[in-house]
Amino acid sequence: MHEKLIILDFGSQTTQLIGRRVRELNMYCEIVPYNKFPEDTTGIKGVILSGSPYSVYDDTAFKVDLSEIRGKYPVLGICYGAQYLANTSGGKVESSDSREYGRANLNFVNKENALFKGINEGSQVWMSHGDTITLLPSHFEVIASTTDVKAAAFHVEGEQTWGVQFHPEVFHSTDGTALLNNFLDICGCAKDWTPASFIESTVKELKDQLGDDKVILALSGGVDSSVTAVLLNKAIGKNLTCIFVDNGLLRKNEFENVLRDYAHLGLNVIGVDAKEKFYTALAGVTDPEAKRKIIGKGFIEVFDEEAKKLENIKWLGQGTIYPDIIESLSITGTVIKSHHNVGGLPDTMKLKLVEPMRLLFKDEVRSVGRELGMEPHLIKRHPFPGPGLGIRILGDITLEKVRILQEADDIYISLMREFGLYDQIWQAGVILLPVRSVGVMGDERTYENTVALRAVTSTDAMTADWAQLPYEFLAKVSNEIINKVRGVNRVVYDISSKPPATIEWE
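Since we're looking at a predicted model, the values are computed, not measured.

### Topic: the overall build of the protein chain
Consideration 1: Summing up its helical and strand segments, the protein chain has 13 helices and 19 strands in all.
Consideration 2: Relative to a compact globule of 506 residues, whose C-alpha radius of gyration would be 23 Å, the protein chain shows 26 Å and is just as compact.
Consideration 3: Each principal axis of the C-alpha atoms in the protein chain carries an extent, and together these give about 80 × 65 × 40 Å.
Consideration 4: Counting every position in the protein chain, which comprises 506 residues, the buried fraction comes to 54%.
Consideration 5: A separation of at least 24 residues holds for 75% of the contacts in the protein chain among residues at least 6 apart in sequence.
Consideration 6: Carbon together with sulfur atoms contributes 49% to the accessible area of the protein chain, which is approximately 23,000 Å² in total.

Written out as structure tokens, the structure reads:
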């Protein structure tokens, strides 16, 4: 059993970032709701308490008894986590006169403390809180301050418990990773969580779990399902059958290209052309959520139909990854849009689930793919929505609209590769707008479609910035699309970040 660190999630937007930073230090960690500390404590080396959108003194604040954790494991409280430690030990937390937000610099009161090993005086940290600790309990020692915050960091005497009122996990805390690494050293972590160790242990677990049973897996052509397929193939070989459905909403030539890639990987893949079924079901439908549900339902029906042709299937493989799991455990319960992972499979299938990637973040999935020897173009492929171009055609879906979007998107992505921009972008695509505008081509007046280009930079899709693409590139894309794609006479570029916008338009 791997050593692990537990991160108790009190609802902060940066909780996943804490997890990713810890994983980057080759330490396995799990994020769990603040009130769901694991019953099986095997291998737990330490605990981090996350931030929270609440104040510790709010009636609605997330509160939990830490008496079984403190003293038994090293504990690091971050922001709300630090304030919660102080507040529940007899200290005082109050609303600050001014919101403490942005960069600050540390002044060490006790530089010898193990949490600050190798970190220099004046190190920049990132503050983001409206409350502050105004009184520390007598057995809490201040170990660092900033100009505005006296108890920027503290240590509890006689305990391996620390608190920081800044966010070491964010990029703007320049020595934040070093601080987290120091905490892992305090916990006595071996830090041996690597892609190679993950593959070795997961293949062994899959062999034990699946034995000689047969598995089917839905492939999308994306990174998550592809790496899942290669890993399962490594564990069970011929007992894995993959199904790749062409719903008519894939990118240009994608069905043929992906099948060719999978053949090179030695995977057993059934390709299903179901375009007509999807176009018929989607005819006249304009509501985004209705389109998602129709595409999801259609996919399940095709998948079920193909699965019935196979014998003795006992397991369903899925490319679920860790952010999907964390979001499904959300302690705030907000749903922005229905998830595109396979769900709602018919009861008649009666299959058990196997999800070998369920504990990995997206960048870790890519690292595992590289370690498995997969081709770079498969691993570096941009995320692509489950409903495909169906949610990039705003309004109803027709064969003509699909053609226009596939052609425009192919030009955009091909030129992005040609200009050396593709690998710098998290996700890119073209959106066909339900907007027509006047244009002039030659001596003729036109009244045709508008497409929007979308490109964002991100690390995990939880937040994303619009990519500042070179004007020369944008000019070339616009010119090529308007000249070569019949039916488009205007190209615009989307400069919205997430939040408040989402990456996809629907």
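### Looking at the environment of alanine 452
Consideration 1: Looking at the element boundaries, alanine 452 is found in strand E17 (residues 444-457).
Consideration 2: For the pair alanine 452 and alanine 196, spaced 256 residues apart in the sequence, the C-alpha separation amounts to 41 Å.
Consideration 3: With near-sequence residues (within four places) excluded, alanine 452 lies in contact with Gly429, Val430, Ile431, Leu433, Val492 and Trp505.

### As for the pairing of strand E9 (residues 153-156)
Consideration 1: Every second residue of E9 is oriented toward a common face, with Ala153 and His155 on one face and Phe154 and Val156 on the other, all of them buried.
Consideration 2: In the sheet, strand E8 (residues 140-145) pairs with E9 via four bridges, with the strands oriented antiparallel. Following the sheet pairing, valine 142 is matched in E9 by phenylalanine 154.
Consideration 3: Connecting E9 to the next strand, strand E10 (residues 161-164), in antiparallel fashion are four residues, including glycine 158 with a positive phi near 80°.

### A closer look at the sheet that holds strand E15 (residues 352-354)
Consideration 1: Strand order across the open sheet formed by five strands is E13-E12-E11-E14-E15, with parallel pairing between neighbours. Pairing within the sheet leaves two strands with one partner each, and these edge strands are strand E13 (269-273) and E15. For this sheet, the mean inter-axis angle between neighbouring strands, taken without regard to orientation, is 30°.
Consideration 2: The sheet strands contacting helix H4 (residues 195-210) are strand E11 (214-219), strand E14 (313-317) and E15, and the helix crosses E15 at an angle near 170°.

### Quick look at the packing of helix H5 (residues 223-236) against helix H10 (residues 362-371)
Consideration 1: Remark: H5 packs on H10, axes separated minimally by 10 Å, with the N-to-C direction vectors making an angle of 40°. Relative to H10, H5 is oriented oblique. Helix-helix and strand crossings are classified by hand; for H5 and H10 the assignment is left-handed. Where H5 approaches H10, its residues Val223, Asp224 and Val227 are matched on the opposing element by Lys362, Val365, Arg366, Val368 and Gly369.
Consideration 2: Residue composition of the contact of H5 with H10, by class: four nonpolar, one polar and three charged.

### Topic: the sheet that holds E9
Consideration 1: Sheet architecture is open: eight strands sit in the order E2-E1-E3-E4-E10-E9-E8-E6, paired in mixed fashion. Single-partner strands in this sheet number two, and they are strand E2 (29-33) and strand E6 (107-108).
Consideration 2: In the sheet, strand E1 (residues 4-9) pairs with strand E3 (residues 44-49) via five bridges, with the strands oriented parallel. In the sheet register, isoleucine 6 faces E3, and the bridge partner there is valine 47.
Consideration 3: Its contacts with the sheet place helix H1 (residues 15-24) against E1, E2, E3 and strand E4 (75-78), and it is angled at close to 165° to E2.
Consideration 4: The strands touched by helix H2 (residues 80-87) are E3, E4, E8, E9 and E10; relative to E4, the strand with the most contacts, the crossing angle is about 110°.

### Observations concerning the pattern of salt bridges
Consideration 1: Tallied over the entire structure, the rule returns 29 salt bridges.
Consideration 2: Here aspartate 273 makes a salt bridge to lysine 275, at a shortest N to O gap of 3.2 Å.
Consideration 3: Classification of aspartate 273 by relative accessible area gives exposed; the value is 53%.
Consideration 4: Between lysine 309 and glutamate 306 there is a salt bridge whose closest N-O contact spans 3.0 Å.
Consideration 5: Connected through salt bridges with shared partners, the residues Arg20, Arg21, Glu24 and Asp363 form a single ionic network.

### Some remarks on helix H12 (residues 399-418)
Consideration 1: Helix length check: H12 (20 residues) gives 28 Å between terminal C-alpha atoms against 28 Å at 1.5 Å per residue, within 8%.
Consideration 2: Among the residues of H12, those classed as buried are Val402, Ile404, Leu405, Ala408, Asp409, Ile411, Tyr412, Ile413, Leu415 and Met416.
Consideration 3: Looking at the packing, one finds that the buried side of H12 touches helix H7 (275-282), strand E16 (427-441), E17, helix H13 (471-484) and strand E19 (488-493).
Consideration 4: Glycine 420 sits one or two positions beyond H12 and adopts a positive phi of about 70°.

### So, the packing of H4 against H10
Consideration 1: In contact at an axis separation of 9 Å, H4 and H10 are set at 80° when each is read in the N-to-C sense. The orientation of H4 relative to H10 falls into the category roughly perpendicular. Together, Pro195, Ala196, Phe198 and Ile199 of H4 and Ser367, Val368 and Glu371 of H10 make up the contact between the two elements.

Conventions used here
- Residues numbered from 1 in each chain as written.
- Predicted model: local features only at pLDDT ≥ 70, side-chain atom pairs only at ≥ 80, totals over all residues.
- Heavy atoms only, no water.
- Helix = DSSP H or I, 4+ residues; strand = E, 2+ residues; numbered from the N terminus.
- Rg over C-alpha atoms; globule rule 2.2 N^0.38 Å.
- Buried < 20%, exposed > 50% of the residue type's maximum accessible area, 1.4 Å probe, protein only.
- Contact = heavy atoms within 4.5 Å.
- Areas by Shrake-Rupley, 256 points an atom, 1.4 Å probe, with all protein chains shown as cover.
- Pairing = 2+ DSSP bridges.
- Axes fitted to C-alpha atoms, helices over the stretch in contact; angles between N-to-C directions.
- Parallel < 35°, antiparallel > 145°, perpendicular 65-115°, else oblique.
- Left-handed = near helix turned anticlockwise from the far one by under 90°.
- Nonpolar A, V, L, I, M, F, W, Y, C, P; charged D, E, K, R; others polar.
- Salt bridge = Lys/Arg side-chain N within 4 Å of Asp/Glu carboxyl O.
- Expected span 1.5 Å × (residues − 1).

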